[in-house]
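Summary of the model geometry
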Amino acid sequence: LRADELRDVIIDGLKGQGWVNVATSNFRPHDFAGKPGIRFDLSLTNPDGLIYRGSVAAIENGGKLNMLFWKAPAEYHAPRDASAVGSMLDGVRIQ
């Protein structure tokens, strides 16, 4: 899959789980220790109306999707923890 197709598969999966208003930002390629993947941020709303912010790190490896997805309520936890989680996701290595 192309990078944009990989992102779209992830978004479609979230929508299939009932998330609404799913929007991405800061879509970018990412190097997972020599293996190409993607990173992006998102905003999404659960079926009860609570707004979340999150971040995704994903790679297609050996014909399988490997993904780390973090989300937190947008009002407090997401702004507080986004930088630390982003640093952690940026440092992921796939072997």
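The structure under discussion appears in the preceding block.
The structure contained in this document is the topic of the report that follows. (Residues numbered from 1 in each chain as written. Predicted model: local features only at pLDDT ≥ 70, side-chain atom pairs only at ≥ 80, totals over all residues. Heavy atoms only, no water.)

1. Remarks on the overall build of the protein
- Across its full length, the protein carries two helices and four strands.
- Secondary structure elements of the protein, listed N to C terminal, follow the sequence α-β-β-β-β-α.
- Against the 2.2 N^0.38 benchmark of 12 Å for 95 residues, the protein shows a C-alpha radius of gyration of 13 Å, consistent with a compact globule.
- Each of the 95 residues in the protein was classed as buried or not, and the buried ones make up 35%.
- Carbon and sulfur atoms form 51% of the exposed surface of the protein, whose accessible area is close to 5,700 Å².
- Here the protein carries 11 positive and 11 negative side-chain charges, and the mean point of each set is 3 Å from the other. (Helix = DSSP H or I, 4+ residues; strand = E, 2+ residues; numbered from the N terminus. Rg over C-alpha atoms; globule rule 2.2 N^0.38 Å. Buried < 20%, exposed > 50% of the residue type's maximum accessible area, 1.4 Å probe, protein only. Areas by Shrake-Rupley, 256 points an atom, 1.4 Å probe, with all protein chains shown as cover. Lys, Arg positive; Asp, Glu negative; His and termini not counted. Charge placed at Lys NZ, Arg CZ, Asp CG, Glu CD.)

2. Description of the sheet that holds strand 1 (residues 20–32)
- Strand order across the open sheet formed by four strands is 1-2-3-4, with antiparallel pairing between neighbours. Each edge of the open sheet carries a strand with a single partner, namely strand 1 and strand 4 (64–73). Mean inter-strand twist for the sheet, computed between neighbouring axes without regard to direction, equals 20 degrees.
- Across the sheet, helix 2 (residues 77–90) lies against strand 1, strand 2 (35–45), strand 3 (51–61) and strand 4, angled at about 155 degrees from strand 4, the strand it touches most. (Pairing = 2+ DSSP bridges. Axes fitted to C-alpha atoms, helices over the stretch in contact; angles between N-to-C directions. Contact = heavy atoms within 4.5 Å.)

3. Quick notes on the environment of Val20
- Along the chain, Val20 falls in strand 1.
- Considering only alpha carbons, one finds Val20 and Gly49, 29 residues apart in sequence, at a separation of 8.8 Å.
- Excluding residues that lie within four positions of it along the chain, Val20 makes contacts with Leu44, Thr45 and Asn46.

4. Re the side chain of Arg39
- Residue position: Arg39 is located in strand 2.
- Look at Arg39 and you get buried, because its relative accessible area is 1%.
- Of note is the side chain of Arg39, whose polar atom sits 2.7 Å from the side chain of Ser55.
- The residues touching Arg39, leaving out its near neighbours within four places in the chain, are Asn26, Phe27, Arg28, His30, Ser55, Val56, Ala57, Gly86, Leu89 and Asp90. (Polar contact = N/O pair within 3.5 Å; in protein donor to acceptor, adjacent residues only side chain to side chain.)

5. Here we look at the pairing of strand 2
- As judged from the nine bridges shared by strand 1 and strand 2, these two strands associate in the antiparallel manner. When the bridges of strand 2 are listed, Thr24 appears paired with Leu42.
- Counting the residues that bridge the hairpin from strand 1 to strand 2 gives two residues, and of these Ala33 lies at a positive phi of roughly 50 degrees.
- By the bridge criterion, eight bridges tie strand 2 to strand 3 in an arrangement that is antiparallel. Bridged to Ile38 within strand 3 is Ala58.

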